[in-house]
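Observations on chain architecture
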Amino acid sequence: MRCPFCGNENTKVVDSRAYFEGNSIKRRRECEKCGKRFTTHEKVAELSLKVIKKSGEKQVYSREKVYNGIIRAFEKRYCNTEKIEEIIDRIEREILTEYSGEIKSSILGDKILSYLIDLDEIAYVRFASVYKKFDSLDSFIFEIEKIRNDKKIKNIKSWESKWKDWFFCGILFLDWL
């Protein structure tokens, strides 16, 4: 690996760690000439993934296209790029394992949305508005109401779970007395 500071080709690995759930390796390197340190990331170079468009045409999957679409949804909002890279890695792994390397564009869009909803609701709505081709204000309102209802259901389930735990502990405590 060439040193980015002095161009020397002799560098040594100081530290290696699994990165993004083991899908890549992050290495700390040190130049043997100038002594400066730098970080490199190693990952599988190319995956043979295909996206099946609505027309039936198959296109080569573009990680960059997915990344840019997600980044656009985060415009002027805090964006953790490492988290986005991790999400894209998970999606690619799912395409390989669950869909044998080929996925319909509609399923790919739904997968992206399923991760975005947990990451940032505004980015979710922005991405959904392009992906689902919102054509009116009602489309936005419908999607936002759907998010609100899903959150209410999650909160209710969370409280039910906590209540059951509390109730069970109360019974055990009473038995102990």
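So, here's what we can say about the structure. Numbering of residues begins from 1 in every chain and follows the order in which that chain's sequence is written. Residue-level local features of this predicted model are given only where pLDDT is at least 70; pairs of side-chain atoms are given and counted only at 80 or more, and the full residue set underlies all totals for whole chains, interfaces and linings. Values reported for side chains reflect all heavy atoms of the structure, with hydrogen atoms and water molecules removed beforehand.

A short note on the overall build of the protein
Runs of E in the DSSP output that reach at least two residues are strands. Runs of H or I that reach at least four are helices, and both are numbered from the N terminus. Of regular secondary structure, the protein possesses five helices and six strands. When the elements of the protein are put in sequence order from the N terminus, they spell out β-β-β-β-β-α-α-β-α-α-α. Sorting the 177 residues of the protein into buried and exposed places 28% on the buried side. Residue pairs in contact within the protein that sit at least 24 positions apart in sequence constitute 41% of those at least 6 positions apart. On the protein, roughly 12700 Å² of surface is accessible, and the fraction owed to carbon and sulfur atoms is 54%. The buried label goes to any residue with under 20% of its type's maximum accessible area, the exposed label to any with over 50%, and the partly exposed label to all in between, with areas taken from a 1.4 Å probe on protein chains only. Contacts are residue-level and defined by heavy atoms, with any inter-residue pair within 4.5 Å sufficient. Computed with a 1.4 Å probe, the accessible areas rest on the Shrake-Rupley method; for each residue, only the protein chains presented here act as cover.

Comments concerning the nonpolar core
Remark: nonpolar core denotes a set of buried residues (Ala, Val, Leu, Ile, Met, Phe, Trp, Tyr, Cys) joined through side-chain atoms within 4.5 Å. Core analysis: the largest hydrophobic core is formed by 25 residues, its most contacted members being Y61, I70, L108, I112 and L116. Discounting chain neighbours no more than four positions away, the residues touching I112 are V66, I70, I91 and F127.

Some remarks on helix α2 (residues 81–98)
An expected span of 1.5 Å times one less than the residue number is assigned to each helix. The end-to-end C-alpha separation of α2 is 25 Å, in line with the 26 Å expected for 18 residues at 1.5 Å each. Packing partners of the buried residues in α2 comprise β3 (37–43), α1 (63–73), β6 (102–104) and α3 (105–119). By the criterion applied in these results, polar contacts are pairs of N or O atoms within 3.5 Å in which, for protein atoms, one can donate a hydrogen and the other can accept it, and in which residues neighboring in sequence qualify only through two side-chain atoms. In this structure N80 caps α2, since a side-chain oxygen of it lies 3.1 Å from the backbone nitrogen of E82. Positive phi appears at S100, one or two residues downstream of α2, with a value of about 50°.

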